[in-house]
Amino acid sequence: MPKVDARTLLVITVALLTVYTVGIGGTTAAAIGAWDAWRRRNRPTPNLDPRRGEVVLVAPTLPRAIRWLRIAGWIAFVPALVLALFVDISYTWLAPLTVLLMVGLNAFYFSAMQGIGEQLTLTTDGFRVGRPQGKTTVRWAHVTDFMGAHIGPFRGIRMSEGSEWQDPKTVPNVIFYRLNRALVRPRKSPLSRLTGMTYFDGVIRNRFGVTTQELMQAMRAAHRLALEEERLRLRRPQPNEPAIPNPEA
């Protein structure tokens, strides 16, 4: 194979880095703008009672053009990194500059993209959370515990309950839930195991335009009603008492 000139490799690497920067940086800027517009918009308070029908809460989404821009950025990511670190070694400043750029941009990207495009659907039977392509479905009867918390870059604080004092600077932004492991086997990603999430089996990042306190109160109320219905369904009927029909039969 003919030897490629160092300047040609430099041009190719810079071109790929430009595509990566525009794609991922543009997506990050669009996500930040979407969150800012989402917080500023005037919207009525939704009714979170699933007995009146399915409650669908939607986080902001990105336009289709931005999604294609993001794909182009990730396609250029790997070849740009390989060329800068292992191929184009004639320019000693290129490798550290590339690593610094990618680490910083990726950190901003993953922080801004958390919750983008996710949905939370509350029903009388349970809830569904996640993006439309990969939602997680949980039944109320399988949940044993909820806990609200504030998760920041460097620490996490449990949400106050009842009359406990709540730090106004740490607004709760996530809801953890635990499943009955005698009934279901939760699927945990390696990342969740590495981060120490062993007691709880899932997390709902509240990016849906309602306060975490209101959302958790609604989920606990739906959970309590579902458990009461399950108890009535499983209870042995007394003499001269009509049996409760089982809709799943």
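The structure this text deals with has already been given above.
Just so it is clear, the model here is predicted, and its values are computed rather than measured.

Caption draft 1: How the structure looks around the overall build of the chain. Counting its regular elements, the chain contains five helices and eight strands. In the chain, the order of α-helices and β-strands from amino to carboxyl end is α-β-α-α-β-β-β-β-β-β-α-β-α. When each of the 249 residues of the chain is scored for burial, the buried share is 35%. Long-range pairs, those at least 24 residues apart, make up 68% of the contacts in the chain between residues at least 6 apart in sequence. Entry remark: accessible area of the chain is about 16000 Å², with carbon and sulfur atoms responsible for 60%.

Caption draft 2: Up close: the layout of surface pockets. The space that makes up the second largest pocket amounts to roughly 460 Å³. Counting residues per element, the lining of the second largest pocket draws most heavily on helix α1 (residues 6-40), at four residues. Here the lining of the second largest pocket is composed, by residue class, of eight nonpolar, eight polar and three charged.

Caption draft 3: Spatial organisation of the nonpolar core. Counting 44 residues, the largest nonpolar core has Leu120, Phe127, Ile204 and Met219 as its most contacted members. With seven residues, the top contributor of residues to this core is α1.

Caption draft 4: Quick peek at the sheet that holds strand β2 (residues 119-122). Within the open sheet, the four strands sit side by side as β1-β2-β3-β4. Their pairing is antiparallel. Each of the sheet's edge strands pairs with one partner strand only, and the pair in question is β1 (55-58) and β4 (136-139). Pairs of neighbouring strands in the sheet enclose a mean axial angle of 10 degrees, with direction left out of account. Bridge count between β1 and β2: four bridges; the pairing is antiparallel. Pairing of Leu57 across the sheet is with Leu120, part of β2.

Caption draft 5: The arrangement of the pattern of salt bridges in detail. As enumerated under the stated definition, the model contains three salt bridges in all. Arg139 is the partner of Asp125 in a salt bridge, and the nearest nitrogen-oxygen pair spans 3.3 Å. With a gap of 14 residues between them, Asp125 in the loop between β2 and β3 (126-130) and Arg139 in strand β4 connect regions that are remote in the sequence. The exposure class assigned to Asp125 is partly exposed, which follows from its relative accessible area of 38%. A salt bridge links Asp201 to Arg181; the nearest nitrogen and oxygen atoms lie 2.8 Å apart. Placement of the pair is Asp201 in the loop between α4 (190-194) and β8 (202-205) and Arg181 in the loop between β7 (174-179) and α4, with a sequence separation of 20 residues. Among the residues examined, Asp201 registers a relative accessible area of 8% and is labelled buried. Accessibility expressed as a relative area gives 40% for Arg181, which makes it partly exposed.

What counts, and at which threshold
- Residues numbered from 1 in each chain as written.
- Predicted model: local features only at pLDDT ≥ 70, side-chain atom pairs only at ≥ 80, totals over all residues.
- Heavy atoms only, no water.
- Helix = DSSP H or I, 4+ residues; strand = E, 2+ residues; numbered from the N terminus.
- Buried < 20%, exposed > 50% of the residue type's maximum accessible area, 1.4 Å probe, protein only.
- Contact = heavy atoms within 4.5 Å.
- Areas by Shrake-Rupley, 256 points an atom, 1.4 Å probe, with all protein chains shown as cover.
- 1 Å grid on protein atoms, 1.4 Å probe; cavity = no way out; pocket = protein on both sides within 12 Å on 5 of 7 lines; lining within 4 Å.
- Points joined across faces, edges and corners; volume = space filled by probe spheres on them.
- Nonpolar A, V, L, I, M, F, W, Y, C, P; charged D, E, K, R; others polar.
- Core = buried A, V, L, I, M, F, W, Y, C linked by side-chain atoms within 4.5 Å.
- Pairing = 2+ DSSP bridges.
- Axes fitted to C-alpha atoms, helices over the stretch in contact; angles between N-to-C directions.
- Salt bridge = Lys/Arg side-chain N within 4 Å of Asp/Glu carboxyl O.

Take it as geometry only, folks, not as evidence of what the structure does.
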